Protein chains: 2
Amino acid sequence: MRARTRETLQDRIIALIHERRLAPGALMPTEPQLMDLLGASRNSVREAIRALQALGIVEIRHGFGTFVGHAPLDVLSPSLTFRVRTRPGHGVRALHDLVAVREILETGLIGSVARDISEARLAALDALVTAMERDKEADRAFHSLLYESCNNELVLQLIGLFWDVYHEVEPALGPPEDRASDIVANHRRIVEALRNRDGSGAQEAMRLHFRDVKARIARAERWLDEAGQQPA
Amino acid sequence: MRARTRETLQDRIIALIHERRLAPGALMPTEPQLMDLLGASRNSVREAIRALQALGIVEIRHGFGTFVGHAPLDVLSPSLTFRVRTRPGHGVRALHDLVAVREILETGLIGSVARDISEARLAALDALVTAMERDKEADRAFHSLLYESCNNELVLQLIGLFWDVYHEVEPALGPPEDRASDIVANHRRIVEALRNRDGSGAQEAMRLHFRDVKARIARAERWLDEAGQQPA
DNA sequence: CGGCATTTGTCCGTATGTATA
DNA sequence: ATATACATACGGACAAATGCC
């Protein structure tokens, strides 16, 4: 009976947030208050809050208080990274799946972007492409800026999440072999197609970009297989 | 300093899983063992494990043990649902974003499905469409079965996740107004296009399906605005 | 079926670190 | 600099669930 209560303790806290109409950023009741409201001990409350924190539903600020969170998607980053790393075969398969999803999303979005992108944004994209050779973060900013005009927060966070996970496990794929100039050229092709308001051209350029990414993964699969023969 | 240790405690447990090459389903060290390995108290260990459980990285079975988890995407379901519910304006905007992502994913995938779908699978889809009038779950099964041939576990879980979140919040949208026959007709059109190996036709049918879903959300937005005038 | 060991669940009390005022 | 409020951490104890003999 207590077990059922404990399992729904997180849900009861969530329900409490909804009942009180607490918006993201609002201050949560303190732990003693929650102990009283939920009829649970400090430890149980703390464990429930920890779980909610891991999901981004609450945010804890040390020595200050607990706040309602915005539940951003990047809370999934550890989980997705773990997922890729624990799949058999070094998770190359899982990584391929992840890149495939990125490709579907981005090729599906780029079409509508081509219709109404501003000159200012195109210039900003140009700047990011040139910065891409030195700064890896420019690549992330590029893919984010690209879809900002969609006014879809979920899409932006999804793409950011997948980018983060990929580039976190990417070093484990072995030596790059990719010339940075090729990556830059792929991205420049995308911008050029957008400048010409060529939606299908932009889609094709995006597919070329991901073709190279997937080729890197395929090479890594062979590389890891060979390395796997010899114990590390 | 202790605070930093605590924040990395989850990471240290994850690192421990990787070092020991523990695969999903494997038995984790017990809490006393983790206390010893990590040099932390039981409460700290438990809180870290709770957070990992919320992310699907470990699974806890009361009275038995803790196991390495599979980190399925549906751990995000509470977070995404919360996100939609706490957005201002009853989260209709967030729900629209979610459906938009579903549309991009499914229209992007359906093209490749049309090329190599088997007759057996088409028959199964037919059966699900007819079952759709009575059983809501048939709709979920339909969209899952549709993309099974992609061999992309991540895609399947993503689509399932979005379906779950949408249908969990959907009742709050007010009276349906949708004739179930329309939904069935939309799905039947998709299957017919697939049977004809018509990829772009299937894409168009999928877009029609989501056009109706988005129309329902738009109606709900007006409905909730009117209802919002009068305090509930 | 019952009893036993193991493991997780809950709770209490207390001490410490941290941020705000 | 002090005080307060809060989160963080620790240790010990008992309850509940599970698997096994």
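Structure shown above.
Residues numbered from 1 in each chain as written. Chains lettered and ligands numbered in written order. Predicted model: local features only at pLDDT ≥ 70, side-chain atom pairs only at ≥ 80, totals over all residues. Heavy atoms only, no water.

Chemist: How would you sum up the interface of chain B and chain A? Please name residues and give values.
Modeler: Of the residues lining the interface, 49 residues belong to chain B; the matching set on chain A comes to 49 residues. Summed over both sides, the interface between chain B and chain A buries roughly 4,400 Å², with carbon and sulfur atoms accounting for 63% of that surface. If you sort the residues of chain B by the area they bury against chain A, B:Glu47, B:Phe82 and B:Arg83 come out on top, with a joint share of 16%. Inspection of the chain B/chain A interface yields six salt bridges. Along the contact surface separating chain B from chain A lie 17 residue pairs in polar contact (both at pLDDT 80 or more). Of all elements in the fold, only α1 (2-7), α2 (9-19), α4 (42-54), α5 (77-86), α6 (92-115) and α9 (153-169) of chain B reach the threshold of two or more residues within the side of chain B that touches chain A. Here the side of chain B that touches chain A takes nine residues from α6(B), the largest share from any one element. (Contact = heavy atoms within 4.5 Å. Buried area = accessible area lost by both parts, 1.4 Å probe. Salt bridge = Lys/Arg side-chain N within 4 Å of Asp/Glu carboxyl O. Polar contact = N/O pair within 3.5 Å; in protein donor to acceptor, adjacent residues only side chain to side chain. Helix = DSSP H or I, 4+ residues; strand = E, 2+ residues; numbered from the N terminus.)

Chemist: Now, about the environment of B:Arg46: what can you tell me, with residues and values included?
Modeler: Position of B:Arg46 among the secondary structure elements: in helix α4. Distance from B:Arg46 to B:Glu31, taken between C-alpha atoms, is 7.4 Å for residues 15 residues apart in sequence. Beyond its immediate sequence surroundings of up to four residues, B:Arg46 is in contact with A:Glu47 and B:Glu31. Polar contacts involving the side chain of B:Arg46 include one to the side chain of A:Glu47, which spans 2.9 Å.

Chemist: Requested: an account of helix α3 (residues 31-38) of chain B, with residues and values cited.
Modeler: All names here are of chain B. Residues of α3 that are buried include every one of Glu31, Leu34 and Leu38, and no others. For α3, the angular spread of the buried residues around the axis is 55°, confining them to a single face. Facing away from the buried side of α3 by over 90 degrees, the exposed positions are Pro32 and Asp36. On its buried face, α3 sits against α2 and α4. Once α3 finishes, glycine 39 follows within two positions and takes phi at roughly 65°, a positive value. (Buried < 20%, exposed > 50% of the residue type's maximum accessible area, 1.4 Å probe, protein only. Arc of directions from axis to C-beta.)

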